[in-house]
Amino acid sequence: MGGLGEPLYAYRRIGSTNDRLAELAREGSPHGTLVVADEQTAGRGRMGRRWQTRPGGGLAVSLLLRSVPDERRALGALQLLGALAVVKALEALGAPAEIKWPNDVILPRGKAAGVLVEGSWVGDELEYLILGIGVNIRAKSLPPPGEVDYPAACAEEAIGRRVDREALLLEMMANLAEDLAAVGTDRFLQDCERRLAFLDRPVAVSAPELRLTGRIQGLAEDGRLRLLRPTGEVILIGGGGVQLRPVDRGD
Ligand code: BTN
């Protein structure tokens, strides 16, 4: 696994794998440390949302990275790296998974995985980054419909047979190891772009105090989204609290 995944801390039940890994990082745990849990009682998603991980239902993993290509732009690129690793692992099982920019994996029926990247810097210097990934595998991993603002889906429903969680984790880790070094390269970008959901389709992009519509053209070098506005202008969208939705038609 290219040095990723060691040491491995596996928990039956934990608050949040990202939080546990942050503790280990502060204690000096090395690049590649992996925390996995069967159940999370305080799993977190982006923008303060909850992320449920029920026992026996999915995967909750957090990977510690102490050096990454192009640290300043790492947060966005690592979200894509995590999503790409899951998409490729699901593709290998025959599922038509796609990256829903900036940090989700979707299947035809809805969101199957989410990525949460958190980091710590001292001044300009990166201390560590935590790449947290949650995957819905079995039907029991699905949150109640009222609790999510985007429909949820699980891998087994899309694949039509039992998925071996451990094998899926190993495949994801192999993908992460292979693609980490490629972050920021044309190959990485093309790998992501090819799997981008809603390409050339009308979408709405929102962030606090912002709502824009347009058609997705692809990705910029740094992982930002290239959006063709109804005015014909192509703009780049990136940053923290951005959300994306398909819409029936552009404005
Ligand atoms: C999102 O969709 O907003 C991101 C969800 C990320 C969930 C994963 S599960 C493993 C890791 N630990 C957490 O507390 N969150 C991430």
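Here the structure is a predicted model, which means the values were calculated and not measured. (Residues numbered from 1 in each chain as written. Predicted model: local features only at pLDDT ≥ 70, side-chain atom pairs only at ≥ 80, totals over all residues. Heavy atoms only, no water.)

**Comments concerning unusual backbone geometry**
What is expected of a backbone is that most residues other than glycine have negative phi and most peptide bonds are trans. Heads up, the condition is: Each helix corresponds to a stretch of at least 4 residues labelled H or I by DSSP, and each strand to a stretch of at least 2 residues labelled E; elements are numbered beginning at the N terminus.
Put simply, Glu 6 and Pro 7 share a cis peptide bond, and its omega is -5 degrees. Mapping Pro 7 onto the fold places it in the segment before strand E1 (8-14). Cis rather than trans, the peptide bond between Trp 101 and Pro 102 has omega equal to 5 degrees. Residue placement: Pro 102 occurs in the loop between strand E4 (98-100) and strand E5 (104-107). With a phi close to 55 degrees, Met 47 is a non-glycine residue in the positive phi region.

**As for the site of the ligand**
So the rule is basically this: By convention in this text, a residue qualifies as near a molecule or strand provided that one of its non-hydrogen atoms is within 4 Å of it. The definition of a polar contact used here is a pair of N or O atoms within 3.5 Å, where within protein one atom must be able to donate a hydrogen and the other to accept one, and adjacent residues in sequence count solely through side-chain atom pairs. Gly counts as polar in this scheme, as do all residues outside two lists: the nonpolar Ala, Val, Leu, Ile, Met, Phe, Trp, Tyr, Cys and Pro, and the charged Asp, Glu, Lys and Arg.
Taken together, 21 residues sit near the ligand, with Ser 16, Thr 17, Arg 44, Arg 46 and Lys 111 positioned nearest. Here Ser 16 contributes a side-chain N or O atom positioned 2.7 Å from an oxygen atom of the ligand. One nitrogen or oxygen atom from the side chain of Gln 40 is found 3.0 Å from a nitrogen atom belonging to the ligand. Among the secondary structure elements, those contributing two or more residues to the shell around the ligand are helix H1 (17-26), strand E3 (58-65), strand E6 (110-122) and strand E7 (125-136). Examining the composition of the shell around the ligand, we find that 4 residues originate from one element, E6, more than from any other. For the shell around the ligand, the residue count by class is 6 nonpolar, 11 polar and 4 charged.

**Remarks on the environment of Ala 153**
Test applied: Partly exposed residues are those whose accessible area sits between 20% and 50% of the maximum for their type, while under 20% is buried and over 50% is exposed, using a 1.4 Å probe and protein chains only.
Along the chain, Ala 153 turns up in the loop between E7 and helix H3 (155-159). Among the residues examined, Ala 153 registers a relative accessible area of 2% and is labelled buried. Taking the C-alpha atoms as reference points, Ala 153 and Leu 107, separated by 46 residues in sequence, lie 6.6 Å from one another.

**Examining H1**
Put simply, the test is: In what follows, residue pairs with any heavy atoms lying within 4.5 Å of each other are defined as contacts.
With 7 of 10 residues buried, H1 lies mostly within the body of the structure. If you check which residues of H1 are buried, you get Thr 17, Asn 18, Arg 20, Leu 21, Ala 22, Leu 24 and Ala 25. Looking at the buried side of H1, the elements it contacts are E1, strand E2 (34-40), E3, E6 and E7. Between the side-chain oxygen of the N-cap and the backbone nitrogen of Asn 18 there are 3.2 Å, and the N-cap of H1 in question is Ser 16. Positive phi appears at Gly 28, one or two residues downstream of H1, with a value of about 100 degrees.

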